[in-house]
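The chain contents come next:
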Amino acid sequence: MTQLLNADLHCHSVVSDGTLTPEALAERAKGNGVELWALTDHDEIGGLQRARDAAKAQGMGYLTGAEISVTFLHQTVHIVGLGFDAANSDLREGLRRTRGGRQERAMEMADGLAKVGIKDAYEGALKFVGNPELISRTHFARFLVESGVCKETNEVFRKYLTEGKPGYVPHRWALLKDAVQWITGAGGMAIIAHPARYKFTPNEEFALFTEFKGHGGQGVEVVTGSHSVAEFGIYASTAKEFGLAASRGSDFHSPDESHTELGTLPALPAGLTPVWELLSARIQ
């Protein structure tokens, strides 16, 4: 499997905060030329059997996937796991615990919004949730757009759902060490998702990559929907510096919201080891 393989190893379905079913995502991916696909719902693997069956029906290679929320230096960081055994009990229990705090947080977010005159936000957000355990800021954003408070979800985040704004409530996620070990303990590969999105200083980012590698992390998303062309180059260099394999994924959530379509990213920069080379034995 070459570097030029059209692999999309990061996207979300209605099982977390996407708007399409696993089946619709598989069909969309195939239609855009994807040859190797993974569904990576947030802290949840409930859609994986459906995703696997759909990928098989579409004739695509498939890897199990999940995107795990961790707290590192007081920031939320996402770790993508690929190619793991979805039946692994430690992984399943870890994800269940990670999901557990979301509902309480959502109610606190709704309280904050109510104080600035936005009523019934929790009930409104629930209308957009496929899985109530996974209620998130994205679901609140969709409700605020639907109810006319904002024109688009990006505006909601900017005005209401980021630090210092009325609907923002921090959440304490898993530790980096735990997430990496759940994934690797289940036979998979841990990957730092969209590193350019985090607001770390250079020293903090170095600490993230150093600790991640020390716990057994093996990859980094170099080409992803939220990275600029310049950032593709920056994180290609980071992958080489830390001896990490390179991943590629659109982070697609919705036809109406996502700027990057499934399967349309450029190829990985030259000179990197694609994660799918190391995961070839795990592809279904």
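Position labels on residues start from 1 in each chain and follow its written sequence. Selection of residues for local features in this predicted model requires a pLDDT of at least 70, selection of side-chain atom pairs for listing and counting requires 80 or more, and totals for whole chains, interfaces and linings are taken over all residues. Side-chain metrics in this entry use all non-hydrogen atoms of the structure; hydrogen atoms and water are not considered.

Novice: Just to check I follow, could you spell out the overall build of the protein for this structure?
Specialist: Numbering of helices and strands runs from the N terminus, with a helix taken as a DSSP run of H or I at least four residues long and a strand as a DSSP run of E at least two residues long. Looking only at helices and strands, the protein has 11 helices and nine strands in total. Put simply, the radius of gyration uses C-alpha atoms, and a globule should come to 2.2 Å times the residue count raised to 0.38. A globule of 284 residues ought to have a C-alpha radius of gyration of about 19 Å, and the protein, at 18 Å, matches this closely. Only protein chains enter the accessibility calculation, which uses a 1.4 Å probe. A residue is then buried if its area is under 20% of the maximum for its type, exposed if over 50%, and partly exposed in between. With 284 residues in all, the protein has 54% of them scored as buried. We call two residues contacting when some pair of their heavy atoms lies within 4.5 Å. Contacts in the protein between residues far apart in sequence, at least 24 positions, make up 73% of those at least 6 positions apart. Only the protein chains shown count as covering a residue, and every accessible area follows the Shrake-Rupley method with a 1.4 Å probe. Carbon and sulfur atoms make up 50% of the accessible area of the protein, which amounts to about 12,100 Å² in all. We count Lys and Arg on the positive side and Asp and Glu on the negative side, and we leave His and both chain ends out. A charge is said to be at NZ when it belongs to Lys, at CZ for Arg, at CG for Asp and at CD for Glu. For the protein, the centre of its 28 positive side-chain charges and the centre of its 35 negative side-chain charges are spaced 1 Å apart.

Novice: In this structure, what is going on with the environment of Asn32? I would like to understand it.
Specialist: Inspection of the secondary structure assignment puts Asn32 in the loop between helix H1 (22-31) and strand E2 (36-37). Not counting residues within four places of it along the chain, the set of residues in contact with Asn32 comprises Asn6, Glu261, Leu262 and Gly263.

Novice: Sorry, what's going on with the sheet that holds strand E5 (residues 75-82) here?
Specialist: Two orientations exist for strands paired in a sheet by backbone hydrogen bonds: parallel and antiparallel. Read from one edge to the other, the open sheet built from six strands follows the order E6-E4-E5-E7-E8-E9, with strand pairing classed as mixed. Looking at which strands have only one partner, the edges of the open sheet turn out to be strand E6 (174-175) and strand E9 (245-249). Axis lines are fitted through C-alpha atoms, for helices just across the contact stretch, and the angle between N-to-C directions can take any value from 0 to 180 degrees. Packed on one face of the sheet, helix H8 (residues 176-185) meets strand E4 (65-72), E5, E6 and strand E7 (189-192) and runs near 160° to E4. A strand pair is defined by DSSP finding two or more bridges across the two strands.

Novice: Which parts of the structure should I look at to understand the pattern of salt bridges?
Specialist: Here the idea is simple: oppositely charged side chains can pair when their charged atoms come close. The working definition used for a salt bridge is a side-chain nitrogen of Lys or Arg within 4 Å of a carboxyl oxygen of Asp or Glu. Taken as a whole, this structure holds 12 salt bridges when the rule is applied. Among the ionic pairs, Glu261 bridges to Arg28, the shortest N-O distance being 2.8 Å. In this pair, Glu261 sits in the loop between E9 and helix H11 (275-278) while Arg28 sits in helix H1, placing the two residues 233 residues apart along the sequence. You can call Glu261 partly exposed: its relative accessible area is 23%. One salt bridge in this structure joins Arg97 and Glu93, with 3.7 Å as the shortest N-O distance. In this pair, Arg97 and Glu93 are both assigned in helix H3 (residues 89-100), four residues apart and thus about one turn of the helix distant. A single network of salt bridges, built from pairs that share partners, joins Glu44, Arg99 and Glu133.

Novice: Hey, could you run me through the sheet that holds strand E3 (residues 61-62) in this one?
Specialist: Read from one edge of the open sheet, three strands run E1-E2-E3, paired in parallel fashion. Both outer strands of the open sheet, strand E1 (7-8) and E3, are each paired with one neighbouring strand and no more.

Novice: What's the story with H3 in this structure? I'm lost.
Specialist: Since the α-helix turns once every 3.6 residues, residues separated by three or four places project in the same direction. Here a helix's expected span is defined as the number of its residues, less one, multiplied by 1.5 Å. With 12 residues, H3 should cover 16 Å at 1.5 Å per step; its first-to-last C-alpha distance of 16 Å lies within 8% of that length. Taken together, the buried positions of H3 are Leu91, Gly94, Leu95, Thr98 and Arg99. Seen along its axis, H3 keeps its buried residues to an arc of 135°; they face one direction. Projecting away from the buried face of H3 at angles above 90 degrees are the exposed residues Ser89, Asp90 and Gly100. Capping the start of H3 is the job of one residue whose side-chain oxygen sits 3.1 Å from the backbone nitrogen of Asp90: Asn88. Arc definition: directions from the helix axis to the C-beta atoms. Polar contact is defined as a pair of N or O atoms within 3.5 Å, subject to the rule that within protein one atom must be able to donate a hydrogen and the other to accept it, and that residues adjacent in sequence are counted only when both atoms are side-chain atoms.

Novice: Any chance you could explain the nonpolar core here in plain terms?
Specialist: In a soluble, globular protein the nonpolar side chains are often hidden away together inside. In terms of nonpolar packing, the biggest core is built from 68 residues, with Leu9, Trp37, Ile79, Val222 and Val275 touching the most fellow members. The definition of a nonpolar core used throughout is a set of buried Ala, Val, Leu, Ile, Met, Phe, Trp, Tyr and Cys residues joined through side-chain atoms within 4.5 Å. Residues Ala110, Val129, Ile135 and Val156 belong to the second largest nonpolar core, which totals 19 residues.

Novice: Got a minute to help me understand the environment of Leu4 in this structure?
Specialist: Turning to its location among the elements, Leu4 is positioned in the segment before E1. Separated by 82 residues in the primary sequence, Leu4 and Ala86 place their C-alpha atoms 28 Å from one another.

Novice: What's the story with the packing of aromatic side chains in this structure? I'm lost.
Specialist: By convention here, two paired aromatic rings are described through the distance between centres and the angle between planes. Between rings of Phe, Tyr and Trp, where Trp is taken as its six-membered ring, a pair exists when centres lie within 6.5 Å; planes separated by under 30 degrees are stacked, by over 60 edge-to-face, and by other angles tilted. In this structure the tally under the stated criterion is five aromatic pairs. Ring centres of Trp37 and Tyr62 lie 6.4 Å apart, and the angle between their planes is 50°; on these two criteria the pair is classed as tilted. Linking Trp37 in strand E2 with Tyr62 in strand E3, this pair joins segments that are 25 residues apart in sequence. For the residue pair Trp37 and Tyr62, the accessibility class agrees, reading buried in each case. Measuring from centroid to centroid gives 6.0 Å for Phe72 and Phe200, while their planes differ by 85°, and the two rings are edge-to-face. Residue Phe72 is located in strand E4, and its partner Phe200 is located in the loop between E7 and helix H9 (202-214); the two are separated by 128 residues in the primary sequence. The burial state of Phe72 is the same as that of Phe200; both residues are buried. Of the aromatic side chains, those joined through ring pairs into one cluster are Phe72, Tyr198 and Phe200.

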